[in-house]
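Residue-level structural notes
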Amino acid sequence: QVQLVESGGGLVQAGGSLRLSCAASGRTFSNYGMGWFRQAPGKEREFVAAISRSGSITYYADSAKGRFTISRDNAKNTLYLQMNSLKPEDTAVYYCGAKGSGWNMVPVINEYDYWGQGTQVTVSS
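Note that this is a predicted model, so its numbers are computed, not measured.

Conventions and cut-offs
Residues numbered from 1 in each chain as written. Predicted model: local features only at pLDDT ≥ 70, side-chain atom pairs only at ≥ 80, totals over all residues. Heavy atoms only, no water. Helix = DSSP H or I, 4+ residues; strand = E, 2+ residues; numbered from the N terminus. Contact = heavy atoms within 4.5 Å. Pairing = 2+ DSSP bridges. Axes fitted to C-alpha atoms, helices over the stretch in contact; angles between N-to-C directions. Disulfide = S-S within 2.5 Å. Buried < 20%, exposed > 50% of the residue type's maximum accessible area, 1.4 Å probe, protein only.

Our next topic: the environment of Ile-51. Position of Ile-51 relative to the elements: it lies in strand β5 (residues 46-51). Ile-51 sits 55 residues away from Val-106 along the chain, and the two C-alpha atoms are 8.7 Å apart. Leave out the neighbours within four places in its chain, and Ile-51 touches Gly-33, Met-34, Ile-57, Thr-58, Ile-70, Ser-71, Arg-72, Leu-79 and Trp-103.

To continue, consider the sheet that holds strand β8 (residues 78-83). On the basis of which strands lie adjacent, the open sheet formed by four strands has the order β1-β3-β8-β7 and antiparallel pairing. Pairing within the sheet leaves two strands with one partner each, and these edge strands are β1 (2-7) and β7 (68-73). Pairs of neighbouring strands in the sheet enclose a mean axial angle of 15°, with direction left out of account.

Another point: the state of the cysteines. Under the criterion given, the structure shown has one disulfide. A disulfide bridge connects Cys-22 with Cys-96, and the sulfur atoms are separated by 2.1 Å. Because the torsion about its S-S bond is 60°, the bridge between Cys-22 and Cys-96 counts as right-handed. Pair noted here: Cys-22 is in strand β3 (residues 18-26) and Cys-96 is in strand β9 (residues 92-99), with a separation of 74 residues, a long-range link. Cys-22 gets classed as buried once you look at its relative accessible area, which sits at 0%. Judged by relative accessible area, Cys-96 falls into the buried class, the value being 0%.

Quick look at the pairing of β9 now. Burial within β9 is extensive, with seven of its eight residues counted as buried. Looking at chain direction, strand β4 (residues 33-39) and β9 are connected through seven bridges and run antiparallel. Counterpart to Gly-35 in the pairing with β9 is Gly-97. The sheet contact formed by β9 and strand β10 (residues 114-115) spans two bridges and is antiparallel. Note on β10: the bridge partner recorded for Ala-98 is Tyr-114.

Dropping the structure here:
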């Protein structure tokens, strides 16, 4: 089992920044690729960004490219998402997920084995 706990969400004005964290415990963090997803009210959960086990490879949704940066610190068992130039359409609950099956199909929700409880991000206009 891997336990994931997100933090860092909040209310921010458009154009502002937030840094989300996802603290992992349980099995070896570095054995898992990690991803960030988000779910807005009335919408399906969607992929935001993913990072490989070592952190050497990253992948972003088009909506996140150039504004968001995913990173990880395997020594601290923590995943991050730095979000800059936030827009009202970024408002959602943000979830981190852990994927044990390798670097493939990383935008696919069902590929992830463990999820956190989510953290709310609200961007006001």
